[in-house]
Amino acid sequence: MTLAQESADSAERDRARTDDPSPRSEDHSDAIAETGRQDADAMQPLTIDRAALQVLREEAERELSLRRAQASKSNGSSPDEVHSTFGDAAPDRRPKASGKSAAKERRSGRVRAVLPLLLMMAALVGLLVAIYLRAPAISHTYPNTEGPLQSYLEAANAFLGWLNGVLGR
């Protein structure tokens, strides 16, 4: 019995219990038979689709090769020296390392490290510009922020003046 069949049977049993208007506090024979059936169902192995199992195996092998490549970069050792966490993985079935050069791999690693930083900085700049543009509405809505907003606007205007001087306008 598969998990879907088991859950459907369980839902059907639950519906039958709630639909039955007569309380059966004295009748335990159904409960005992049901418990025995659940135990028998639990003893049967789960069926797994072979295609899904093959996909999972390939993904595990791909993950293993990526981890070996990362470990070899950080340790400076060859990928063969890194021990497998999967003892039953056959060496001939492992995917080969990609043909990228070491310089391209390092460059892509830097891009992956710098891109989130650039996105966070762009979000921060966007927030600061939005506050600069909406300062009058913010100070009108929240009167206690008028002093800090005025200081921020003065600092932003000084920065914009400096930036205009640097750019030669």
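Check the entry above for the structure.
Keep in mind the model is a prediction, meaning the values are calculated, not measured. The residue count restarts for each chain, going from 1 along the sequence in the order it is written. Reporting of local features is limited, given that this is a predicted model, to residues whose pLDDT is at least 70; pairs of side-chain atoms are given and counted only at 80 or more, and all residues count toward the totals for whole chains, interfaces and linings. Note that the side-chain values use all heavy atoms of the structure and ignore hydrogens as well as water.

Trainee: Before we go on, may I ask you to explain the overall build of the protein chain in this structure?
Mentor: For the protein chain, the count of helices and strands is six helices and zero strands. For the protein chain, the residues scored as buried account for 10% of the 169 residues in total. Put simply, of all contacts in the protein chain between residues at least 6 apart along the chain, 41% involve residues at least 24 apart. The accessible surface values rely on the Shrake-Rupley method and a 1.4 Å probe; as for residues, cover is taken only from the protein chains in view. As displayed, the protein chain offers around 14100 Å² of accessible surface, 60% of which is attributable to carbon and sulfur atoms. Only DSSP runs of H or I reaching four residues or more are called helices, and only runs of E reaching two or more are called strands; each is numbered from the N terminus. Partly exposed residues are those whose accessible area sits between 20% and 50% of the maximum for their type, while under 20% is buried and over 50% is exposed, using a 1.4 Å probe and protein chains only. Working rule for contacts: check all heavy atoms of both residues, and any pair within 4.5 Å makes them a contact.

Trainee: Where do I start with the pattern of salt bridges in this structure?
Mentor: Pairing is possible between side chains that carry opposite charge, provided their charged atoms lie close to one another. Definition used for salt bridges: Asp or Glu carboxyl oxygen within 4 Å of a side-chain nitrogen of Lys or Arg. Tallying each qualifying case throughout the model produces two salt bridges. Residues E59 and R62 are paired through a salt bridge, measuring 2.5 Å at the closest nitrogen-oxygen approach. A residue pair is termed a helical-turn pair when its members lie 3 or 4 positions apart in one helix, as E59 and R62 do in helix α3 (residues 50–75) at three residues. Given a relative accessible area of 42%, E59 falls into the partly exposed group.

Trainee: Would you explain helix α6 (residues 146–167) in this entry?
Mentor: In this scheme, a helix's expected span is set at 1.5 Å multiplied by one less than its residue total. Compared with an ideal rise of 1.5 Å per residue, which puts 22 residues at 32 Å, α6 spans 31 Å between its outermost C-alpha atoms and is within 8% of the ideal. If you check which residues of α6 are buried, you get L149, L153 and A156. Projected onto a plane normal to the axis of α6, the buried residues spread over an arc of 70° and lie on a single side. For α6, the exposed residues lying more than 90 degrees away from the buried face are P148, E154, A158, W162, G165 and V166. With its phi angle positive at about 80°, G168 sits one or two positions after the end of α6. The arc in question is traced by the directions running from the helix axis to the C-beta atoms.

Trainee: Mind showing me how you'd approach a nonpolar patch on the surface here?
Mentor: On the surface, V114, L117, L118, M120 and M121 cluster together into a nonpolar patch covering about 490 Å² of accessible area. Looking at the element boundaries, M121 is found in helix α4 (residues 102–133). On the accessibility criterion, M121 (48% relative accessible area) is partly exposed. Surface patches are drawn from residues lacking salt bridges whose relative accessible area is over 30%; two like charges belong together within 9 Å, two nonpolar side chains (Val, Leu, Ile, Met, Phe, Trp, Tyr) within 5 Å.

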